Amino acid sequence: MGRILAIDFGKKRTGIAITDELQLIASGLTTVDTASFFDFMRDFLQKEKVELFLVGEPKQMDNSPSESEVLILPFIKKINEVFPEIPVKRVDERFTSKMAFQTMIDSGLTKKQRQNKALIDEISATIILQSYLYGLKK
């Protein structure tokens, strides 16, 4: 069984989270510069088996696509071209940044630590992944 990898795409940075091999636990992996995402993934996939990419789907409160969707669609197209053997699913990512920030507060991180946008992106990817796993168990 391969891992599931979640992606919180951003124009500058992309947060990445991964499951364990049994697909039970979601853990933050890292945050990479979006420009180097594909190089990072090529290296990562040589070491780890991934069977599914989850990409956050930003939506407005009325369920319409967020403005950033126009940036995500070409990114997904490239994922499908570069890694055609790994399917891509979309997961609603509404409120994940706010939830990530609250998680940082609840974890006791200092104000300076909470300003680390890369950490917010990584936690957001983990929340996307955890919500997907939770949906599978229902």
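Data block above holds the structure.
First, a word on what this report is: a plain description of the structure on this page. (Residues numbered from 1 in each chain as written. Predicted model: local features only at pLDDT ≥ 70, side-chain atom pairs only at ≥ 80, totals over all residues. Heavy atoms only, no water.)

### Description of the environment of T103
In this fold, T103 is placed in helix 3 (residues 96-106). For T103, a relative accessible area of 33% gives the class partly exposed. Considering only alpha carbons, one finds T103 and S124, 21 residues apart in sequence, at a separation of 9.8 Å. (Helix = DSSP H or I, 4+ residues; strand = E, 2+ residues; numbered from the N terminus. Buried < 20%, exposed > 50% of the residue type's maximum accessible area, 1.4 Å probe, protein only.)

### Regarding the sheet that holds strand 2 (residues 13-19)
On the basis of which strands lie adjacent, the open sheet formed by five strands has the order 3-2-1-4-5 and mixed pairing. Across the chains shown, the open sheet's two edge strands, defined by having one partner strand only, are strand 3 (26-33) and strand 5 (88-92). Recorded for the sheet is a direction-independent mean angle of 25° between the axes of neighbouring strands. As judged from the seven bridges shared by strand 2 and strand 3, these two strands associate in the antiparallel manner. Bridge pairing links G15 to T31 in strand 3. Running at roughly 135° to strand 3, helix 1 (residues 37-47) makes contact with strand 1 (3-8), strand 2, strand 3 and strand 4 (50-57) of the sheet. In the packing of helix 2 (residues 69-82) onto the sheet, the strands contacted are strand 1, strand 4 and strand 5, and the crossing angle to strand 5 comes to about 155°. (Pairing = 2+ DSSP bridges. Axes fitted to C-alpha atoms, helices over the stretch in contact; angles between N-to-C directions. Contact = heavy atoms within 4.5 Å.)

### Observations regarding the pairing of strand 4
Among the eight residues of strand 4, six are classified as buried, and the element is accordingly described as predominantly covered. Note that strand 1 and strand 4 share five bridges and pair parallel. Along strand 4, the bridge assignment pairs A6 with L54.

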